[in-house]
Amino acid sequence: KIEKPKPIKCGTFGATSVQQRYLATGDFGGNLNIWNLEAPEIPVYSVKGHKEIINSIDGVGGLGIGEGAPEIVTGSRDGTVKVWDPRQKDTPVANMEPVQGESKRDCWTVAFGNAYNQEERVVCAGYDNGDIKLFDLKTMSLRWETNIKNGVCSVEFDRKDVNMNKLVATSLEGKFHVFDMRTQHPTKGFASVSEKAQKSTIWQVRHLPQNRDIFMTSGGAGSLHLWKYEYPAQRSKKDSEGAEMGVAGSVSLLQNVTLSTQPISSLDWSPDKKGLCVCGAFDQTVRVLIVTKLNKV
């Protein structure tokens with residue numbers, strides 16, 4: 001148990017090795033710190049990353065997940081999304097911020113993806129007004145954007161270390177969207193299917209590490225929903241002008257359970273034991289769960 005003066009909002013082990021286990025955290029003061037949990041008195045890396053609270057953090061290139069540099073992405077209330085390489089002091093390697101004249105939106109969630117070789121890597125960010133933006137770190141450009149008309153609470157690729165396959169985005173009012181990321185149409189972007197899961201906020205989505213077509217959503221009504229994505233017969237088709245466009249699949253509910261009267265705000269799967277997961281809720285309880293029969297779905 002380690003206590004720090006500033007409240008911590010988010011954390012990740014994603015940019016460190018299994019041996020090192022350095023924890024990167026974002027706090028309410030906009031600071032990004034990396035801690036060696038064996039000697040946690042002083043951070044091994046520290047930067048005043050943002051002007052306001054860091055809402056979300058993700059890491060890639062560590063824990064044997066994702067090719068390329070060990071990088072951390074932070075999303076903040078100040079409207080910016082920044083990518084950090086802990087080997088580079090003080091300045092981010094990429095900074096995505098509103099253009100001149102564009103109003104800044106509160107960034108609620110960030111996620112890495114497409115890190116299947118040394119060159120490729122993308123960051124997806126979701127904002128309070130429903131904007132989803134996909135930044136390509138190879139070309140340092142905005143590759144795609146859309147709006148789901150509702151605050152984006154959580155985004156996650158089904159795998160970080162494969163050629164972009166699927167992305168799930170969850171929203172403030174109980175809907176989630178699954179985007180097929182294999183085929184990007186020049187004007188229509190990515191095909192998607194949406195599902196109204198429940199009446200309350202979907203706080204988080206997490207894909208099963210052992211099967212990327214199964215994912216869990218955690219809800220504001222204290223419930224967990226387990227979903228399966230079914231691919232269509234053909235994942236792409238040609239439009240009237242001959243351009244390739246994606247075809248969305250379908251989503252089915254496998255199981256759901258209500259665990260609390262309070263929102264379940266965080267969730268994670270075990271990478272080793274299939275079906276083992278842990279969740280935290282606003283009732284200040286951490287619950288460890290096991291999901292069975294996953295090999296039969």
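Residues numbered from 1 in each chain as written. Predicted model: local features only at pLDDT ≥ 70, side-chain atom pairs only at ≥ 80, totals over all residues. Heavy atoms only, no water.

Trainee: Help me understand the overall build of the chain, please; the structure alone is not making it clear to me.
Mentor: Check the secondary structure of the chain and you find zero helices and 25 strands. Taken over the C-alpha atoms alone, the chain extends approximately 60 × 45 × 35 Å along its principal axes. Across the 297 residues that make up the chain, the buried fraction comes to 51%. For the chain, restricting intrachain contacts to residue pairs at least 6 apart in sequence, the fraction spanning at least 24 positions comes to 46%. As presented, the chain carries roughly 14400 Å² of accessible surface, and 48% of it is formed by carbon and sulfur atoms. With 37 positive and 34 negative side-chain charges, the chain shows a separation of 5 Å between the mean positions of the two kinds. (Helix = DSSP H or I, 4+ residues; strand = E, 2+ residues; numbered from the N terminus. Buried < 20%, exposed > 50% of the residue type's maximum accessible area, 1.4 Å probe, protein only. Contact = heavy atoms within 4.5 Å. Areas by Shrake-Rupley, 256 points an atom, 1.4 Å probe, with all protein chains shown as cover. Lys, Arg positive; Asp, Glu negative; His and termini not counted. Charge placed at Lys NZ, Arg CZ, Asp CG, Glu CD.)

Trainee: Before we go on, may I ask you to explain the nonpolar core in this structure?
Mentor: Grouped burial of nonpolar side chains is what soluble globular proteins tend to show. Core analysis: the biggest nonpolar cluster contains 16 residues, and Ile132, Leu134, Trp144, Phe157, Leu167, Phe179 and Met181 have the highest contact counts within it. Taken together, the elements giving at least two residues each to this core come down to β10 (122–127), β11 (131–136), β13 (152–157) and β14 (166–171). It is β13 that provides the largest number of residues to this core, a total of three residues. In this structure, Phe157 is in contact with Ala111, Phe112, Gly113, Val122, Cys124, Leu134, Met164, Lys166, Leu167, Met181 and His207, ignoring residues within four places of it in sequence. (Core = buried A, V, L, I, M, F, W, Y, C linked by side-chain atoms within 4.5 Å.)

Trainee: Sorry if this is basic, but what is going on with the sheet that holds β11 here?
Mentor: In any sheet, the strands associate via hydrogen bonds between backbone groups, in a parallel or an antiparallel arrangement. Ordered by their spatial adjacency, four strands build an open sheet running β9-β10-β11-β12, and the pairing between neighbours is antiparallel. Two strands in the sheet have a free side with no partner beyond their single neighbour: β9 (107–113) and β12 (141–147). Across the sheet, the axes of successive neighbouring strands diverge by a mean angle of 15°, strand direction being ignored. Pairing between β9 and β10: six bridges, direction antiparallel. Along β10, the bridge assignment pairs Thr109 with Gly126. (Pairing = 2+ DSSP bridges. Axes fitted to C-alpha atoms, helices over the stretch in contact; angles between N-to-C directions.)

Trainee: Before we go on, may I ask you to explain the pairing of strand β15 (residues 175–180) in this structure?
Mentor: With five of its six residues buried, β15 lies for the most part within the structure. The pairing of β14 with β15 spans five bridges and is antiparallel. Residue Thr170 lies in a different strand from β15, and its bridge partner there is Phe176. With antiparallel pairing between neighbouring strands as the criterion, β14 and β15 make up a hairpin whose turn holds three residues, including Gly174 at a positive phi of roughly 85°. Judged from the five bridges that link them, β15 and strand β16 (residues 192–196) form a sheet pairing that is antiparallel.

Trainee: Please explain the side chain of Ser171 as it appears in this structure.
Mentor: Mapped onto the fold, Ser171 is located in strand β14. You can call Ser171 buried: its relative accessible area is 1%. Ignoring sequence-local partners within four residues, the contact set of Ser171 consists of Ile148, Asn150, Gly151, Cys153, Thr201 and Ile202.

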